Amino acid sequence: MASAPTPDILGSAPPPASHVLHVADRDVVLRFGPMLAQVLPALCAAGVRTTLVSDDPQFLARLEHTPVERLAVPHLAGWRAWAVPSLLTGRVSPTPTLVHLWGSAGLWWTRRWTRQAGIPLLVHALGARNVERLTAGGRCRRERLLLVANGLVAQWRRLAPAAPAPRVVPAGVAPPPVPRDHRPLEREAEGGVLTVLCVAEFAERAGLAVLVEAVGQLRRRGVDLHALVIGSGPGSEVIWSYIREQGAAGSVSLLDEPALWEKALPEVDVCVVPACQRELSIVPLLAMGLGKVVIASRDQLADWFVDGTTCWEFTPGSAVELAYLLTRAIEQPVVARELAARGPTYVRERHSLQRVLESLWAVYTEVADEAAAAGKPHDGPVDD
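Residues numbered from 1 in each chain as written. Predicted model: local features only at pLDDT ≥ 70, side-chain atom pairs only at ≥ 80, totals over all residues. Heavy atoms only, no water.

### Thoughts on the overall build of the protein
Part 1 of the argument: From N to C terminus, the protein includes 14 helices and 15 strands.
Part 2 of the argument: Long-range contacts, defined here as pairs at least 24 residues apart, represent 69% of the contacts in the protein between residues at least 6 apart. (Helix = DSSP H or I, 4+ residues; strand = E, 2+ residues; numbered from the N terminus. Contact = heavy atoms within 4.5 Å.)

Okay, structure coming up:
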């Protein structure tokens, strides 16, 4: 996706943090890459020196012709990341004024490194696993926690009822403008094939069995459609067996190339989220912004799933309801186009790149002010 134009954050106001070091591992990049590819250069354009540390060389190469400074490391998480702090100390100079960790991969060494250097740390929870980890133990006084969606607030309060819920800094993106003559599902009226994209882990718990069963039902009724499932992880053989069992082998493609979803999304008619996305992804949000029909189970954590406005929802686990909504996209193209047309407006109003940047700017300002008031002493861990 092309880079977005540079938004105006706060006019001529000086940046609240002179140098922000961002940390994002391969998993975060796969789920939020288009957003980061726009947010980081925009921060540079606003006067913030921006450095990205990642174990994803392809994403770092994507930022090659931007002002973002890039630092590749082999590993960001686990014991193999033990050398990252010394690497940063040797290659990042002067010391950043703020570290922004997207997700929780690398949490242990970012906490140690920022504590020793007296640097504030922002940890941005992007899914349920991040919230579980962040509510499990203590943290530093200079550490600020953020959530990427309102749906994670309820989980936080359930796991840590005595701790105040972190601020929500939402996901957002600036998709290319939808052409005025864009008419989704137009070829369906001409007898074409409905194309469906699903991005998920190759595991039955990700809802792929529900999607496969729905496709099988439609194929047995003579409905012509094709579902492209892009993902990774264990479980592909189980899914393939289920695809054959449901008689959907000619209508489902399983592609173990998780980074290809961004290229596939503009070319499909429908984006399906067949089960609760506990680890949030920008895929359906970008689909809405591109004017696609989005169909999702009615148990999502992300607040951008709004039944009848940005998507059609079905009862979790119900292949019958999912099959009905896919049929509806074919048989009621005018209604489907009306739904698809509401998506870009919603994304512009609620999840624009400008809104993300303004939220980050406000948090960076608060953290910088707190750091200035606290001075430079190193803080030890405290309880949540």
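There's more to say after this.
### A short note on the layout of surface pockets
Part 1 of the argument: Approximately 670 Å³ is the volume attributed to the largest pocket.
Part 2 of the argument: If you trace the largest pocket, you find 25 residues lining it, with R31, V199, A200, E201 and E279 closest to the centre.
Part 3 of the argument: Of all the secondary structure elements, the ones that give two or more residues to the lining of the largest pocket are α1 (26-45), β9 (194-199) and β12 (270-273).
Part 4 of the argument: Here the lining of the largest pocket gets 3 residues from one element, more than from any other, and that element is α1. (1 Å grid on protein atoms, 1.4 Å probe; cavity = no way out; pocket = protein on both sides within 12 Å on 5 of 7 lines; lining within 4 Å. Points joined across faces, edges and corners; volume = space filled by probe spheres on them.)

### Here's the deal with the nonpolar core
Part 1 of the argument: L88, W304 and F305 are the most contacted members of the largest nonpolar core, which has 90 residues in total.
Part 2 of the argument: If you tally residues by element for this core, the top one is α1, at 11 residues.
Part 3 of the argument: One finds L194, V210, I295 and A336 within the second-largest nonpolar core, a separate group that totals 38 residues. (Core = buried A, V, L, I, M, F, W, Y, C linked by side-chain atoms within 4.5 Å. Buried < 20%, exposed > 50% of the residue type's maximum accessible area, 1.4 Å probe, protein only.)

### Considerations on the sheet that holds strand β2 (residues 49-54)
Part 1 of the argument: Across the sheet, which stays open at both edges, the 7 strands sit in the order β3-β2-β1-β4-β5-β7-β8 with parallel pairing between neighbours. In the strand order of this sheet, the two ends are held by β3 (69-72) and β8 (167-168), each with one partner.
Part 2 of the argument: In the sheet, strand β4 (residues 98-102) pairs with strand β5 (residues 121-125) via 4 bridges, with the strands oriented parallel. Looking at β5, one finds that W102 is bridged to H124. (Pairing = 2+ DSSP bridges.)

### Brief notes about the packing of aromatic side chains
Part 1 of the argument: Evaluated as defined, the whole model comprises 0 aromatic pairs.
Part 2 of the argument: Sitting over the ring of W312, R328 keeps its end group 4.5 Å from the ring centre. (Phe/Tyr/Trp six-rings, centres within 6.5 Å; stacked < 30°, edge-to-face > 60°. Lys NZ or Arg CZ within 6 Å of the ring centre and 35° of its normal.)

### Section: the sheet that holds β12
Part 1 of the argument: Judged by pairing direction, the sheet is parallel, and its 6 strands sit side by side in the order β11-β10-β9-β12-β13-β14 without closing on themselves. With partners counted over all chains shown, the strands left at the sheet margins are β11 (252-255) and β14 (312-314), one partner each. Each strand axis lies, on average, 20 degrees off the axis of its neighbour in the sheet, ignoring direction.
Part 2 of the argument: Two strands pair when backbone bridges link them, and strand β10 (residues 225-230) and β11 are joined in this way by 4 bridges, in the parallel orientation. Residue pairing for β11: L228 is matched across the bridge by S253.
Part 3 of the argument: Relative to β10, helix α8 (residues 208-220) is tilted by about 165 degrees, and along the sheet it contacts β9, β10, β11, β12 and β14.
Part 4 of the argument: Contacting β13 (293-297) and β14, helix α13 (residues 333-350) runs over the sheet at an angle of about 85 degrees to β13. (Axes fitted to C-alpha atoms, helices over the stretch in contact; angles between N-to-C directions.)

### Some remarks on the pairing of β12
Part 1 of the argument: Residue alternation in β12 divides its side chains into two sets, V270 and V272 and C271 and V273, and both sets are buried.
Part 2 of the argument: Note: β9 against β12, 2 bridges, orientation parallel. Paired with L197 across the strands is C271, a residue of β12.
Part 3 of the argument: In this structure, β12 lies alongside β13, joined through 4 bridges in parallel fashion. In the sheet register, V272 faces β13, and the bridge partner there is I295.

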